[in-house]
Amino acid sequence: MITINENFLKLQAGYLFPEIGRRVSAFAKDNPSADIIKLGIGDVTEPLVPSILEAMHKAVDDQANADTFKGYGPERGYSFLIDAIVEHEFKARGVDISPDEVFVSDGSKCDTGNVQEIFGRDNVVAVTDPVYPVYVDTNVMAGRTGDAAKDGRYEGLVYLPCTAENDFTPDLPDTSVDMIYLCYPNNPTGTVATKETLKKWVDYARENRALILFDAAYEAFISDDDIPHSIYEIDGAKEVAIEFRSYSKVIGFTGVRCGYIVVPKELKAYKSDGSAVEVNAIWNRRHSTKFNGASYVSQVGAAAYYTGQGRLEVKKVIDLYMANASYMIESLKEMGYEVYGGVNAPYVWLKTKDGMTSWELFDKFLNEAHVVGTPGSGFGASGEGYFRLSAFNNLARVKEAMERIAKL
Ligand SMILES: *Cc1c(COP(=O)(O)O)cnc(C)c1O
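For the ligand, the set of nearby residues contains 14 residues, the closest of which are S108, Y218, S246, S248 and K249. A distance of 2.8 Å is found between an oxygen atom of the ligand and a backbone nitrogen or oxygen belonging to K109. The contact in question runs from a nitrogen atom of the ligand to an N or O atom on the side chain of D215, over 2.7 Å. Summarising the interface, the protein chains cover 93% of the accessible area of the ligand, which totals 390 Å² for the free molecule. Per-class residue counts for the shell around the ligand are five nonpolar, five polar and four charged.

We now examine the pattern of salt bridges. Evaluated as defined, the whole model comprises 21 salt bridges. Salt-bridge contacts for K195 lead to E233; the nearest nitrogen and oxygen are separated by 3.9 Å. Placement of the pair is K195 in helix α6 (residues 195-208) and E233 in the loop between β6 (211-215) and β7 (241-246), with a sequence separation of 38 residues. A relative accessible area of 36% means that K195 is categorised as partly exposed. Shared partners join several salt bridges into a network, and the residues in it are E89, E219, E243, R245 and R311.

What follows deals with the packing of aromatic side chains. A full pass over the atoms with the stated rule returns 22 aromatic pairs. Taking 5.3 Å as the distance between ring centres and 65 degrees as the angle between the ring planes, the aromatic pair formed by Y132 and Y135 counts as edge-to-face. Chaining the aromatic ring pairs together yields one cluster made of F168, Y340, W349, F379 and Y386. Above the face of the Y305 ring, R311 is positioned so that its terminal group lies 4.7 Å from the ring centre. Cation over ring: K351 sits above Y386, and NZ or CZ is 4.6 Å from the ring centre.

Looking now at the side chain of H287. Take H287: it is sitting in helix α7 (residues 279-290). Leave out the neighbours within four places in its chain, and H287 touches E75, R76, F103 and V104.

Once the domains are mapped, the chain shows domain 1 (6-47 + 309-406) and domain 2 (54-307). For domain 1 versus domain 2, the separation of C-alpha centres amounts to 25 Å. Facing 32 residues of domain 1, the contacting portion of domain 2 comprises 48 residues. With both chains or domains summed, domain 1 and domain 2 bury close to 3200 Å², and 58% of this area falls on carbon and sulfur atoms. Among the residues of domain 1 in contact with domain 2, K10, R311 and N344 are the three that bury the most area, contributing 22% of the side total. In this structure, R311 engages E89 in a salt bridge whose closest nitrogen and oxygen atoms are separated by 3.9 Å. Our count for the contact surface shared by domain 1 and domain 2 stands at 18 residue pairs in polar contact (both at pLDDT 80 or more). No other element matches the seven residues that helix α9 (residues 308-334) contributes to the side of domain 1 that touches domain 2. Of the residues that constitute the side of domain 1 that touches domain 2, the class distribution is 17 nonpolar, 11 polar and four charged.

Rules of the game
- Residues numbered from 1 in each chain as written.
- Predicted model: local features only at pLDDT ≥ 70, side-chain atom pairs only at ≥ 80, totals over all residues.
- Heavy atoms only, no water.
- Near = heavy atom within 4 Å.
- Polar contact = N/O pair within 3.5 Å; in protein donor to acceptor, adjacent residues only side chain to side chain.
- Areas by Shrake-Rupley, 256 points an atom, 1.4 Å probe, with all protein chains shown as cover.
- Nonpolar A, V, L, I, M, F, W, Y, C, P; charged D, E, K, R; others polar.
- Salt bridge = Lys/Arg side-chain N within 4 Å of Asp/Glu carboxyl O.
- Helix = DSSP H or I, 4+ residues; strand = E, 2+ residues; numbered from the N terminus.
- Buried < 20%, exposed > 50% of the residue type's maximum accessible area, 1.4 Å probe, protein only.
- Phe/Tyr/Trp six-rings, centres within 6.5 Å; stacked < 30°, edge-to-face > 60°.
- Lys NZ or Arg CZ within 6 Å of the ring centre and 35° of its normal.
- Contact = heavy atoms within 4.5 Å.
- Domains from an automatic or database assignment.
- Buried area = accessible area lost by both parts, 1.4 Å probe.

Below you can see the structure in the form of structure tokens.
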């Protein structure tokens, strides 16, 4: 008899985006002439920049010729990309990462989801609340939690609330935890972590022999000079942290797919007898057993970002998204909303007015302004009373959306 992994049955139905989709379709069906503006999902809207496209076209042509054809590449990624990452993402910020600490992948959803499988099942997991759901659900699948309670929180997980009251900076847990997921700049709140905040977590992890899983998918959106782009800008972080990077939001690769994970050689995990093992070697074994490398064309495209021209073109696109964010912040403040994020991240996180729930505001914006956002409660219990607007759209649409909301 084939049995099922019952941990999968603990998962709650993917509630948030299907429910948004359902409400938007129902509204569109009843109001076929309504011009709906979507500021909901976290997907880029601008096309790829010319220098990256050109490099990718050439890479496709390489496949047309036996002399330049590429079959399986190195599982860990081509050195032309890894060397560029080491140089431009880390060395340029004073961080010393060696090429064999970088593993190129097809994106951070997979990496953040897969990484947990090399760690013991008994590890206690801490996540911020609100949170990117992948961190939670993959640990549920692995059996590191009990069942979900009514508020959606899983038994056995440690939730670290991030609200306006604590300036979206989670307190250290009061119980001992082993795996800590941090995402900065943050999705969904759009807030950032200072060096001091990250140092607090690195110190905690070193004292407790814990691991930090640092998701830096939005680092390229940072505009404040003193906000760290990498957790390795903090002394000692290489002993306790894995970092995830993705090209999805940075160079518009949500459809092309490429990212990487950094697993430092200094990072140790422990056997039940207390002896230490090198995590890099274990991840290398896991990665090269289960993954055959990101596509050559994707990696060539990603590497083109690190040419001067690539960077310049990409910065223009990021500036365009961030102009949308600052327009939204100004408009919403004028309307009397409390607004957070949106300065170093492409998300604006606003507090609902008059004690409205997140879903009540969602329905009001949809039905009366024909604007779609994302209810904060969909990202966790502490997101209740908040609402996320994404900057991934064009300025004319964003202006139109703000005008309509202002009229409510
Ligand atoms: C979009 C996003 C990612 C990137 O996922 P990919 O699989 O690389 O497209 C990772 N983490 C967070 C928090 C995100 O919002």
